[in-house]
Amino acid sequence: MNHDTYIAYDVVMVALSISFFVLAVVLYLVCKKKPVNVESEETLALKHCVRAYSLMDIDAATDGFDHSRIVGKGRVGTVYAAVQENGELVAVKRIHSVLVLSNAGFGFSSVLKWLSSAHHPNIVPIIGFSEAPGERIIVMEFGRMVSLDFYLHQNVNGASLLDWNKRIRIAAGAARGIQYLHEVATPNIVHGCVKSSNVLIDVNFCTRICDYGLNFLAPREKRGLVGNVDDEYWNEEGGGASKESDVYGLGVVMLELLSGRGCEEGLIAKWAMPLIKEMSFGELLDARLVIPSDMKPLVRLAKVASACVGNSRKCRPSIAQVTTILNNIEMEVCI
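A short tour of the structure in this document, coming up.

Rules of the game
- Residues numbered from 1 in each chain as written.
- Predicted model: local features only at pLDDT ≥ 70, side-chain atom pairs only at ≥ 80, totals over all residues.
- Heavy atoms only, no water.
- Core = buried A, V, L, I, M, F, W, Y, C linked by side-chain atoms within 4.5 Å.
- Buried < 20%, exposed > 50% of the residue type's maximum accessible area, 1.4 Å probe, protein only.
- Helix = DSSP H or I, 4+ residues; strand = E, 2+ residues; numbered from the N terminus.
- Contact = heavy atoms within 4.5 Å.
- Pairing = 2+ DSSP bridges.
- Polar contact = N/O pair within 3.5 Å; in protein donor to acceptor, adjacent residues only side chain to side chain.
- Axes fitted to C-alpha atoms, helices over the stretch in contact; angles between N-to-C directions.
- Left-handed = near helix turned anticlockwise from the far one by under 90°.
- Nonpolar A, V, L, I, M, F, W, Y, C, P; charged D, E, K, R; others polar.
- 1 Å grid on protein atoms, 1.4 Å probe; cavity = no way out; pocket = protein on both sides within 12 Å on 5 of 7 lines; lining within 4 Å.
- Points joined across faces, edges and corners; volume = space filled by probe spheres on them.
- Salt bridge = Lys/Arg side-chain N within 4 Å of Asp/Glu carboxyl O.
- Phe/Tyr/Trp six-rings, centres within 6.5 Å; stacked < 30°, edge-to-face > 60°.

A word on the nonpolar core. Judged by nonpolar contacts, the single largest core of 81 residues is most densely connected at Leu-148, Leu-250, Met-254 and Leu-326. The greatest single-element share of this core, amounting to 10 residues, is contributed by helix α7 (residues 164-184). With residues near it in sequence (within four places) discarded, Leu-148 still touches Leu-162, Ile-170, Ser-196, Val-199, Ile-201, Val-253 and Leu-257. Core analysis: the second largest hydrophobic core is formed by 10 residues, Tyr-53, Tyr-80, Val-90 and Ile-137 among them.

Next up, the structure:
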């Protein structure tokens, strides 16, 4: 080789060496970063982890779905009081078989994993699920809770246990729970069926919203839904469950708290609206309770309820607006 050839060779070798060095650095950085990304994804998955129960576990916890363990029945399923191996009491919702069949191809476990990531003092957390041929089951925290529907409409002495201040607290707590679902939970969660039987009250009279996000199981099932959602819900285009229909349902719940009457498939709204407009609170308010000397908090509560049920979706207040007003009312009566 001549002198020029040696120089060219040296140049090529130096270039290759630099290239290999740069490649090595790049590979090192990529390999160093990759485990960090995987680790963060695994941490996120663990944070939102929900337990998958076997059907055998659920069967044992409910004594074979014994009828004596039934604590509630709804349009989506039957709820059982169940005892886990560690002695913890939980609520088990067994989805109606007809709904299981009609949603056979739907990603039940994926939806439940998403819903289980929701955690707030005013909602009932989902802690597990079970999926088997012909069975779809949801496991929730129990916590000795009783529905508002039971207090107001089923228990003879229940209404007297809920004085006006407690009713305002219940309304405000329900609003906070729904606001969390609508605005904080990621992705946002539309409840789909806000009604008094899905508003639970614990031993401290704290409100807990349950059955959120389950409307996909029976979106057009009218039983238990008519009157608790707006008329626009039933429209073929632009209808269905929405944040606005949830606000309507909360308005109906407020009317039940004020009057002590049931939803009656929407009749409560038609009956209450003229009374609120005419300020006829003697007729509106629950006769089982003494009318308070200071009517201002109840008048404000009635006006909020009226705005929720008396306007179209476009004109209805947002849950944030409703919550702000109810929080202010609650603070006034608790001073």
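A few words now on the sheet that holds strand β9 (residues 207-209). Taken in spatial order, the 3 strands line up as β7-β8-β9 in an open sheet, and their pairing is antiparallel. The sheet is open, and its two borders are formed by β7 (146-147) and β9, each paired with just one other strand. In this structure, β7 lies alongside strand β8 (residues 199-201), joined through 2 bridges in antiparallel fashion. Opposite Ser-147, over in β8, you have Leu-200 as the bridge partner.

If you trace the backbone, Lys-195 turns up in the loop between α7 and β8. A distance of 2.9 Å separates the side chain of Lys-195 from the backbone oxygen of Gly-224, its partner in a polar contact. Dropping the residues within four chain positions of it, Lys-195 is found in contact with Arg-75, Gly-224, Asn-228 and Val-253.

With that settled, the discussion passes to the sheet that holds strand β6 (residues 135-141). Each strand in a sheet pairs with another by means of backbone hydrogen bonds, the pair being arranged parallel or else antiparallel. Reading across the sheet, the 6 strands line up as β1-β5-β6-β4-β3-β2 and stay open at both edges, with mixed pairing between neighbours. Two strands in the sheet have a free side with no partner beyond their single neighbour: β1 (51-52) and β2 (70-73). One ladder, built from 3 bridges, connects β2 with strand β3 (residues 77-83); its direction is antiparallel. Across the sheet, Lys-73 pairs through a bridge with Thr-78, a residue of β3. Contacts from helix α4 (residues 108-115) reach β5 (126-132) and β6 within the one sheet, and its direction differs from that of β5 by about 175°.

Here we take up the packing of helix α8 (residues 243-259) against helix α11 (residues 296-309). It is at 8 Å that the axes of α8 and α11 come closest, and there the two elements cross at 145°. The interaxial crossing formed by α8 with α11 has left-handed handedness. Along the contact surface, α8 presents Val-247, Tyr-248, Gly-251, Val-252, Met-254, Leu-255 and Leu-258, while α11 presents Leu-298, Leu-301, Ala-302, Val-304, Ala-305, Cys-308 and Val-309. In terms of residue class, the contact of α8 with α11 is built from 13 nonpolar, 1 polar and no charged.

A few words now on the layout of surface pockets. Computed from the structure, the largest pocket encloses a volume of approximately 960 Å³. Top element by residues in the lining of the largest pocket is helix α5 (residues 148-154). It accounts for 4 residues. Of the residues contributing to the lining of the largest pocket, the split by class is 17 nonpolar, 15 polar and 12 charged. Computed from the structure, the second largest pocket encloses a volume of approximately 300 Å³. In terms of lining, the second largest pocket is formed by 18 residues, of which the most central are Asp-231, Tyr-248, Gly-266, Ala-269 and Lys-270.

Here the focus is the pattern of salt bridges. With the rule as written, the count across this model stands at 15 salt bridges. Residue Asp-57 pairs with Arg-51 through a salt bridge whose shortest N-O separation is 3.9 Å. Classification of Arg-51 as partly exposed rests on a relative accessible area of 44%. Between Glu-330 and Arg-176 there is a salt bridge, with the nearest N and O atoms lying 2.8 Å from each other. With Glu-330 in helix α12 (residues 319-334) and Arg-176 in helix α7, this residue pair connects regions lying 154 residues apart in the sequence. The network of salt bridges with common partners includes Asp-230, Glu-232, Arg-313 and Arg-316.

Here the focus is the packing of aromatic side chains. A full pass over the atoms with the stated rule returns 4 aromatic pairs. Summarising the aromatic geometry, the rings of Phe-65 and Tyr-80 are spaced 5.3 Å apart at their centres and angled 70° between planes, so their arrangement reads as edge-to-face. Of the two residues, Phe-65 sits in the loop between α2 (55-61) and β2 while Tyr-80 sits in strand β3, which places them 15 residues apart along the sequence. By relative accessible area, Phe-65 is classed as buried at 9%. Exposure remark for Tyr-80: the relative accessible area of 6% places this residue in the buried category.

It is worth spelling out unusual backbone geometry at this point. That bond from Thr-186 to Pro-187 is cis: its omega, -10°, falls within 30 degrees of zero. Summarising the element assignment, Pro-187 is placed in the loop between α7 and β8. With a phi close to 60°, Phe-205 is a non-glycine residue in the positive phi region. Note that Phe-205 resides in the loop between β8 and β9. On the basis of relative accessible area, Phe-205 is assigned to the buried category, the value being 19%. Its identity is not glycine, yet Glu-265 carries a phi of approximately 55°, on the positive side. Here Glu-265 shows up in the loop between α8 and α9 (267-277). Given a relative accessible area of 64%, Glu-265 falls into the exposed group.

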